[in-house]
Amino acid sequence: MNKIIEIENLTKNYGKVKALKGVTLDVNQGEVFGFLGPNGAGKTTTIRCMLDMIRPQGGSIRVLGYDPQKDPVAVRAKVGYLPGELNLEGNLKVSQVLHYFNDLRGNQLDWGRVKALAAQLELDLNVAIKNMSKGNKQKVGVVQALMHRPELLILDEPTSGLDPLMQHQVYRLLKEANREGATIFFSSHIIKEVEGLANRIAIIRDGVIVEEADPSQLMTMEMRRIRVRFIDAVPEESLAPLAQFSKVHRERQDMYSFQVKGEVDGFIKALAAYPIADLDVERPSLEEVFLTYYAAGGKE
Ligand code: ATP
C-alpha cells in the first residue's frame, strides 16, 4: 500500500516540556485518518512538524514521499493545510485572501470551485475578515485548504467554532474530497466526529500514541454516563446487581449515576428490575474516556 505519511519515533521538546515522546504512525493513500487526543496531547505539534513549521529533535517524517525539512515547498504546494489557529489579514475581503492563497500556489485555481465551496458553507466572499465571526473565519480556512483539490489534506480541528449544521457541511465536503481521491489526516478531540469520518484512528496522549484502531473499536472502549432517577429512594446495597456492569455514584437517595463501558444491553436489562422515574444517557468527552482508561498511566 502506498504510504502518504510516514512518521517514525518523532520527538519534540519545548524546553523542558516533552511534547512528543516518540510518535510513530503511517497513513495510507486514500485513508481518512483521525488523530485524536485531549488538549495538550501533541496533535498540533505533530502536524506542525509534518509541514516543517517547527523542527523535531528526533525521528523521521515523510509526507507524500518528501522529507519536509528538505523539501518544505513541495510539501506545502501539494498539501491542503488548515491550521488550528488561522491568522488572516483583517483588512482583506474573503475573496482577496483566497486569491492570495491561490497566488502562493501558482495561480492554477478554477474560481468556480471557490464559489461552489463558499456557497455550500454559506460563506460571503465580499466581507472583510475583521468583520467576521470566529466560525465564519474557520470557513475561510476550510475553503483555502480544499479549493485547489490537494492530494493530501492535513486539518487541525477542522470543525472548531462551527455550528452543527456547518460541521455537517464540512464533513460532507471532506467525504467528497476523499471520494475524489484525497487522503485526509485530521486532528480532533470530538469522538463522534472521528467515528463518523475516519477509517482509521490514532489516539495520542501526553506525546505518546496510546491506541491505533479502526473506529468501530472505539465503541467498545467508549464510556457512557447513565443517570437514573428511581421512583423511590434506593439504598446503595440493593444496587449490587448493577455493579458488575458499571461504576455507581450516588447523587441523592433516589438518584444515581452509572458509568457503563461498551454496549449497554446487560446494564439496561439489569436496571429494568427497578422502578425508574427517569433516565439520561450522556457520552462523556474523549478526555473523560481518557481519564477513565489511562488515568493510572496504563490501559485498563
Ligand atoms: P489542543 O487540542 O489543546 O490544541 P494539542 O494536542 O494540539 O492540544 P500541542 O499544541 O501539540 O497539543 O501541545 C503539546 C504540548 O506542548 C502541550 O503541553 C503544550 O503546552 C506544549 N506546547 C505547545 N506549543 C508550545 C510552545 N510553543 N512552547 C512551549 N510549549 C508548547
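Calculation notes
Per chain, residue numbering runs from 1 following the sequence as it is written. Since the coordinates come from a predicted model, pLDDT governs what is reported: local features require at least 70, and pairs of side-chain atoms require 80 or more to be given and counted, while whole-chain, interface and lining totals use all residues. Computation of side-chain values: all heavy atoms of the structure, hydrogens and water removed. To obtain each axis, a line is fitted to C-alpha atoms, and for helices this fit is confined to the stretch in contact; angles are then taken between N-to-C directions over 0 to 180 degrees. Every helix listed is a DSSP run of H or I at least four residues long, and every strand listed is a run of E at least two residues long, numbered separately from the N terminus. For this classification, under 35 degrees means roughly parallel, over 145 means roughly antiparallel, 65 to 115 means roughly perpendicular, and everything else is oblique. Contacts are assigned to residue pairs with any non-hydrogen atoms lying within 4.5 Å of each other. The classification used treats Ala, Val, Leu, Ile, Met, Phe, Trp, Tyr, Cys and Pro as nonpolar, Asp, Glu, Lys and Arg as charged, and all other residues, Gly among them, as polar. Two helices crossing with the near one rotated counterclockwise from the far one by less than a right angle form a left-handed crossing, whereas a clockwise rotation gives a right-handed crossing. Here a Phe, Tyr or Trp ring, Trp counted by its six-membered ring, pairs with any other such ring whose centre lies within 6.5 Å, and the pair is stacked when the planes are under 30 degrees apart, edge-to-face when over 60, and tilted otherwise. The classification of residues rests on relative accessible area computed with a 1.4 Å probe and restricted to protein chains. Under 20% of the type maximum is buried, over 50% is exposed, and intermediate values are partly exposed. Residues are said to line a cavity or pocket when one of their atoms sits within 4 Å of a point; the points come from a 1 Å grid over protein atoms alone, cavities being sets where a 1.4 Å probe fits but cannot get out and pockets being open sets with protein on both sides within 12 Å along at least five of seven lines. Grid points are joined across faces, edges and corners, and a volume is the space filled by probe spheres set on the points. Definition used for salt bridges: Asp or Glu carboxyl oxygen within 4 Å of a side-chain nitrogen of Lys or Arg. Put simply, a residue is near a molecule or strand once any heavy atom of it comes within 4 Å of that molecule or strand. A 3.5 Å cut-off defines polar contacts: any pair of N or O atoms within that distance qualifies, except that in protein one atom must be a possible hydrogen donor and the other a possible acceptor, and neighbouring residues in sequence count only when both atoms are side-chain atoms. Methods summary: accessible areas were calculated by the Shrake-Rupley approach with a probe of 1.4 Å, and residue burial reflects only the protein chains presented.

**Q** Could you give an account of the packing of helix 5 (residues 134-146) against helix 6 (residues 164-179), naming the residues involved and the relevant values?
**A** It is the contact of helix 5 with helix 6, at a shortest axis distance of 12 Å, that shows an interaxial angle of 5 degrees. Between helix 5 and helix 6, the angle is such that the two are roughly parallel. Every residue of helix 6 that contacts helix 5 at Lys139, Val142 and Leu146 is listed here: Met166, Val170, Leu173, Leu174 and Ala177. Among the residues forming the contact of helix 5 with helix 6, the class breakdown is seven nonpolar, no polar and one charged.

**Q** Outline the packing of helix 3 (residues 94-104) against helix 5, listing residues and values.
**A** Relative placement of two packed helices is described by the angle separating their axes and the distance separating the axes. Taken N-terminus to C-terminus, the directions of helix 3 and helix 5 make an angle of 30 degrees; their axes are 10 Å apart at the nearest point. When the interaxial angle is binned, helix 3 and helix 5 end up roughly parallel. In terms of crossing hand, the pair formed by helix 3 and helix 5 is right-handed. Of the residues in helix 5, those in contact with Val94, Val97, Leu98 and Phe101 of helix 3 are Val140, Val143 and Gln144.

**Q** Outline the packing of aromatic side chains, supporting the account with residue identities and numerical values.
**A** Under the criterion given, the structure shown has seven aromatic pairs. Relative to Phe185, the ring of Phe35 lies with its centre 5.2 Å away and its plane at 45 degrees, an arrangement referred to as tilted. On the criterion of sequence distance, the pair formed by Phe35 in strand 3 (residues 32-36) and Phe185 in strand 7 (residues 183-188) is long-range, its members being 150 residues apart. As far as burial versus exposure is concerned, Phe35 and Phe185 are alike and both buried. Members of the aromatic cluster, connected to one another through ring pairs, are Phe230, Tyr256, Phe258, Phe267 and Tyr274.

**Q** Summarise empty space enclosed by the protein; cite the residues concerned and give the values.
**A** Under the criterion given, the structure shown has one cavity of 30 Å³ or more. Estimated volume of the largest cavity: approximately 40 Å³. Every residue lining the largest cavity is listed: Arg113, Leu117, Leu146, Leu173, Glu176, Ala177 and Glu180. At the level of secondary structure, the elements contributing two or more residues to the lining of the largest cavity comprise helix 4 (111-120) and helix 6. Here the lining of the largest cavity is composed, by residue class, of four nonpolar, no polar and three charged.

**Q** Lay out the pattern of salt bridges in plain terms, naming residues and giving numbers.
**A** Two side chains with opposite charge may pair up if their charged atoms get near one another. Counted according to the given criterion, the structure contains twelve salt bridges. One salt bridge connects Glu180 with Arg149, and the closest N-O pair in it is separated by 3.0 Å. Residue Glu180 is found in the loop between helix 6 and strand 7, and its partner Arg149 is found in the loop between helix 5 and strand 6 (152-156); the two are separated by 31 residues along the sequence. On the basis of relative accessibility, which here comes to 49%, the residue Arg149 falls in the partly exposed class. Here Arg252 ties to Asp254 by a salt bridge, and the two come within 3.1 Å at their closest N and O atoms. Assessed through its relative accessible area of 42%, Arg252 is described here as partly exposed. A residue is classified by how much of its surface remains accessible, and Asp254, at 18% relative accessible area, is buried. Linked through salt bridges whose partners overlap, the residues forming this network are Glu31, Arg200 and Glu212.

**Q** Run through the environment of Leu20, naming residues and quoting values.
**A** With respect to the helices, strands and loops of the structure, Leu20 is situated in strand 2 (residues 17-28). Sequence separation between Leu20 and Val208 is 188 residues, and the spatial gap between their C-alpha atoms is 6.5 Å. Each residue touching Leu20, except ones within four places of it in the same chain, is listed here: Leu10, Thr11, Lys12, Gly42, Thr45, Thr46, Ile204 and Gly207.

**Q** Kindly report on the site of the ligand, identifying the contributing residues and their values.
**A** Every residue close to the ligand is listed here: Tyr14, Val17, Ala19, Pro38, Asn39, Gly40, Ala41, Gly42, Lys43, Thr44, Thr45 and Glu157. Here an oxygen atom of the ligand and a backbone polar atom of Ala41 are 3.1 Å apart. Measuring from an oxygen atom of the ligand, one finds a side-chain N or O atom of Thr45 at 2.5 Å. Calculation on the ligand without its partners gives an accessible area of 630 Å², and the protein chains cover 60% of this total.

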